[in-house]
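What follows is the residue order along each chain.
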Amino acid sequence: MPKIQKEAKKRKEKVRDLESQKIQLKQKMFSSSVKTYLFAAIFLIISFIFNGQLIPKWVDIVSIALGADSGAISPIVLLDLLIKSFSIILFFFFSFVSIGNWRELSGYILTWKEMTILLVFSLIQATTDGSVFIISSIGIVIILFYMYFIQGKIEKEIF
Amino acid sequence: MMSRKRNSITYLLVLVIFSTSFLSILTFAQGATWSETEITSNVGSALNIDGIMEDSWTNTNINFTHFEFESSEAGSITLYVQHYGDYLYFLIIAKFLAVADETFSIYLSDSNSTEDIFDKKQITMTNASESGNESSNALDLYKPEDSDEYSIDLEDEGFEGVARYGTNETNTDYRYYEYKIKMAPSNESASEDTEIIGYFNYVIQIGYNSSSGGEEELTDTLLVQVGPKVLAEDVRIGEYDIDTKLYINVVLIIVTVIFGSFGIALISSKSKIGNLKQQEL
């Protein structure tokens, strides 16, 4: 086989490999996006149940614990607070990752506009409870801080 | 035969005692009541607090109520109310058997609930049985939040009270207790004086004390409407309760719908990867 033909074949194989790697990467990103989306959906359901006060019995237990004049914060109240806050924080985190991967899959990056919308949709779930709102805000700020400064730095070092 | 008669007398006696007791209890349960339980203060005039009944008290027939005691021995009282400027005026006309000392108190609330009664304006008449020798003493009291007992309001702002016998031939049996109460006291201690505002209504009680016994509040509470009632509904703004549960559920539904739309967009992007795979093959 002539040398030129051999090189053309090699180049074609290389391109096919690259294409295959690209598709594999995209598939990975897609599956990651779906997985994180499902996690976010689970936490949204938890948030819906607890922040939306869909279990009257639990609401009654919490309000009784809240009304008890014992001085210290009741563990039930604390548990309720943590469930509500962390469901929002984790919803934000997994949605953030899912949307980020999806945008990258489509050839774009996650912009501030999308981040702000996600932030609003996350925090709006806590607007009826001041404590949940504060804890969720702190958690989301920490996540944003982590994504922007730490994760961003790691990615820069790798590529 | 004698024993049978004795038995009949005993039964009769028991029946009489029982009926009398029952009727007494019934009468007591019914109790004495005010002829009107809601009175409206009219715009009067700037009064001198002297225990003399001026004409402005009788300008209207909606500003007074009458209380007749059940017992024939006890007399009756009539309560009048009027307002002028920053002051609310009360006049109690009492007709009782003359006692040595006599006290009338007005228990004021700052709302239309009996639970909010905390301010007491008290006038004591001494030598109440002797017309011409009587003297009176006015006292401003309040009930601190943590106590059931009334304490003297040391700031004692904006209250005047005088009691005296009737001055002309036709009303010499009557005693007049006249109260002047500042409607919105300017002192800093709002917990000691009732804040009264026009167009609203307030619950009051009247207490009576003869020297022989402790003070007793007259059975019924009274509602005093200060000025016209019509505006009360316009002025008073009710609390607006936001249905937080409904609000948060709507918010969460919106978030879920938008999040669901994103899910659909995410799933549809799978077809792009499928196309790429086909192109590769």
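Residues numbered from 1 in each chain as written. Chains lettered and ligands numbered in written order. Predicted model: local features only at pLDDT ≥ 70, side-chain atom pairs only at ≥ 80, totals over all residues.

Caption draft 1: Highlighting helix 3 (residues 244-268) of chain B. Spanning 25 residues, helix 3 of chain B covers 36 Å between terminal C-alpha atoms, matching the ideal 36 Å at 1.5 Å per step. Buried residues are scarce in helix 3 of chain B, accounting for two of its 25 residues. (Helix = DSSP H or I, 4+ residues; strand = E, 2+ residues; numbered from the N terminus. Expected span 1.5 Å × (residues − 1). Buried ≥ 20, exposed ≤ 12 C-beta atoms within 10 Å, placed from the backbone.)

Caption draft 2: Representation of the environment of K143 of chain B. By the element assignment, K143 of chain B lies in the loop between strand 7 (135-142) and strand 8 (151-152). For the pair K143 of chain B and K120 of chain B, spaced 23 residues apart in sequence, the C-alpha to C-alpha distance is 8.0 Å.

Caption draft 3: Layout of the environment of S191 of chain B. Along the chain, the position of S191 of chain B falls in the loop between strand 10 (175-182) and strand 11 (201-210). Sequence-wise, S191 of chain B and K143 of chain B are 48 residues apart; in three dimensions their C-alpha atoms are separated by 8.5 Å.

Caption draft 4: Representation of the nonpolar core within the structure. Counting 39 residues, the largest nonpolar core has L79, V81, F90, L91, I92 and Y177 of chain B as its most contacted members. For this core, the leading source of residues is strand 4 (residues 87-95) of chain B, giving eight residues. Setting aside its immediate chain neighbours within four residues, V81 of chain B contacts I39, S41, N63, L88, Y89, F90 and V224 of chain B. Of all hydrophobic cores here, the second largest spans 24 residues; its members include F96, I99, F121 and A126 of chain A. (Core = buried A, V, L, I, M, F, W, Y, C linked by C-beta atoms within 7 Å. Contact = placed C-beta atoms within 7 Å.)

Caption draft 5: Structural context of the pairing of strand 13 (residues 222-226) of chain B. All names here are of chain B. Counting buried positions over the five residues of strand 13 gives four, a clear majority of the element. Note that strand 1 (residues 38-43) and strand 13 share four bridges and pair parallel. Along strand 13, the bridge assignment pairs I39 with V224. As judged from the four bridges shared by strand 11 and strand 13, these two strands associate in the antiparallel manner. Considered in strand 13, the bridge of Y202 is made with V224. (Pairing = 2+ DSSP bridges.)

Caption draft 6: Expanded view of the pairing of strand 11 of chain B. Here strand 5 (residues 101-109) of chain B runs beside strand 11 of chain B; their pairing, made up of seven bridges, is antiparallel. Within the sheet, the bridge partner assigned to T103 of chain B lies in strand 11 of chain B and is N209 of chain B.

Caption draft 7: Expanded view of the interface of chain B and chain A. Listed per partner, the contact involves 20 residues of chain B and 22 residues of chain A. Top contributing element to the side of chain B that touches chain A by residue count: helix 3 of chain B, with 14 residues.

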